[in-house]
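Single-letter residue listing:
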Amino acid sequence: GVLRTKLSLGANGSTEDDLIGSLSGRGTLAISSLEIERADATAVSSVFASAREAPDEKQIQQALRAALDRASLKVARIEAPLVIANGIVRSGSAKAQAGNIEIVLSGSLDIPRRSAEALLNIEVAGSSSVRPGAMVNWSGPLGALERKVDAKALITAITLRVIERGPQNPPNGSLRQNERTPPAKKKQAPAKSDIESVPLLPPPANILPAPQPRGEN
């Protein structure tokens, strides 16, 4: 990209290190045709859309890294204020937006220590009550910056969405298997007409004892 700055600086000291360490002032920063490798702006929204269950943090982190690596982030133009104190240049937040994807960039340059730090924040607006997002951080000595990816905001948004939706129905295959299993048949009591058709037993009869024989005279 093309970098343009406007600075008002002041410094004092008797050596080069003193002058650098005492630098102070203000200014503005403008970058045109900015391109950042391995920072695909659609990475957060694609991982958020594909997650269906409670997230495994390691898997989400890996999926986000892979999605970020697919393409470069391209921004037509960004602007940010600059503040310089004790030889350290710090930028305010530079914001850009494409559709529902919001980009925020900020950074600092430590001139005495010859180190730098840059922070890229990607958020997806309107997806849920908590915005899914991710942060990419570059920090370290100039020429050897270390890249780190933070997926905490994305994991939180996925977890909250799962909670809001509640338990989901079982897969269609399980439903079909249950539908194929016939319900157990209940034993039915015999119909009333069957009971009445059975012949009734006669009522019990009183049986008298047999008469005793009479003796002869």
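The following paragraphs examine the structure supplied in this document. The model shown is predicted, which means the values in this text are computed figures rather than measured ones.

1. A closer look at the overall build of the protein chain
Assigned secondary structure in the protein chain consists of 6 helices and 9 strands. Each of the 217 residues in the protein chain was classed as buried or not, and the buried ones make up 26%. Here the contacts in the protein chain between residues at least 6 apart in sequence split such that 55% fall between residues at least 24 apart. For the protein chain, the accessible surface area stands at approximately 15,800 Å², while carbon and sulfur atoms represent 53% of it.

2. With respect to the packing of aromatic side chains
Summed over the entire model, instances satisfying the criterion amount to 0 aromatic pairs. Above the ring of phenylalanine 48, the side-chain terminus of arginine 161 is found at 4.1 Å from the ring centroid.

3. Some words on helix α3 (residues 57-68)
Its 12 residues place the ends of α3 16 Å apart at the C-alpha level, agreeing with the 16 Å of an ideal helix rising 1.5 Å per residue. Listing the buried residues of α3 in full gives Ile60, Leu64, Ala67 and Leu68. Seen from one end, α3 has its buried residues packed into an arc of 95°, which puts them on one side. Turned more than 90 degrees from where α3 packs its buried face, Lys58 and Gln59 sit exposed. The inward-facing, buried residues of α3 abut α2 (43-50), β7 (115-124), β8 (133-141), β9 (146-150) and α4 (152-165).

4. Some thoughts on the side chain of aspartate 110
Mapping aspartate 110 onto the fold places it in strand β6 (residues 101-110). With no salt bridge to any partner, buried aspartate 110 finds its closest opposite charge in arginine 113, at an N-O distance of 4.1 Å. From its side chain, aspartate 110 meets the backbone nitrogen of arginine 113 in a polar contact 3.2 Å long. Ignoring sequence-local partners within four residues, the contact set of aspartate 110 consists of Gly87, Ile88 and Ser115.

5. Some remarks on the environment of leucine 7
For leucine 7, the position within the fold is in strand β1 (residues 2-10). Among the residues examined, leucine 7 registers a relative accessible area of 45% and is labelled partly exposed. With 74 residues separating them in the primary sequence, leucine 7 and proline 81 have C-alpha atoms 9.9 Å apart.

6. Focus: the nonpolar core
Counting 39 residues, the largest nonpolar core has Leu64, Leu73, Ile103, Leu105, Leu120 and Leu154 as its most contacted members. Every element with two or more residues in this core is listed here: β2 (24-36), α2, α3, β3 (73-85), β6, β7, β8 and α4. A total of 6 residues in this core trace back to one element, the largest contributor, which is β3. Among residues more than four places away in sequence, those in contact with leucine 154 are Val44, Val47, Phe48, Ile60, Leu64, Pro132 and Gly133.

7. Considering the pattern of salt bridges
Throughout the structure, instances matching the rule amount to 6 salt bridges. Here arginine 131 ties to glutamate 102 by a salt bridge, and the two come within 2.8 Å at their closest N and O atoms. One end of the pair, arginine 131, is in the loop between β7 and β8; the other, glutamate 102, is in strand β6, and 29 residues separate them in sequence. Judged by its relative accessible area of 35%, arginine 131 is partly exposed.

Reading guide: rules and limits
Residues numbered from 1 in each chain as written. Predicted model: local features only at pLDDT ≥ 70, side-chain atom pairs only at ≥ 80, totals over all residues. Heavy atoms only, no water. Helix = DSSP H or I, 4+ residues; strand = E, 2+ residues; numbered from the N terminus. Buried < 20%, exposed > 50% of the residue type's maximum accessible area, 1.4 Å probe, protein only. Contact = heavy atoms within 4.5 Å. Areas by Shrake-Rupley, 256 points an atom, 1.4 Å probe, with all protein chains shown as cover. Phe/Tyr/Trp six-rings, centres within 6.5 Å; stacked < 30°, edge-to-face > 60°. Lys NZ or Arg CZ within 6 Å of the ring centre and 35° of its normal. Expected span 1.5 Å × (residues − 1). Arc of directions from axis to C-beta. Lys, Arg positive; Asp, Glu negative; His and termini not counted. Salt bridge = Lys/Arg side-chain N within 4 Å of Asp/Glu carboxyl O. Polar contact = N/O pair within 3.5 Å; in protein donor to acceptor, adjacent residues only side chain to side chain. Core = buried A, V, L, I, M, F, W, Y, C linked by side-chain atoms within 4.5 Å.

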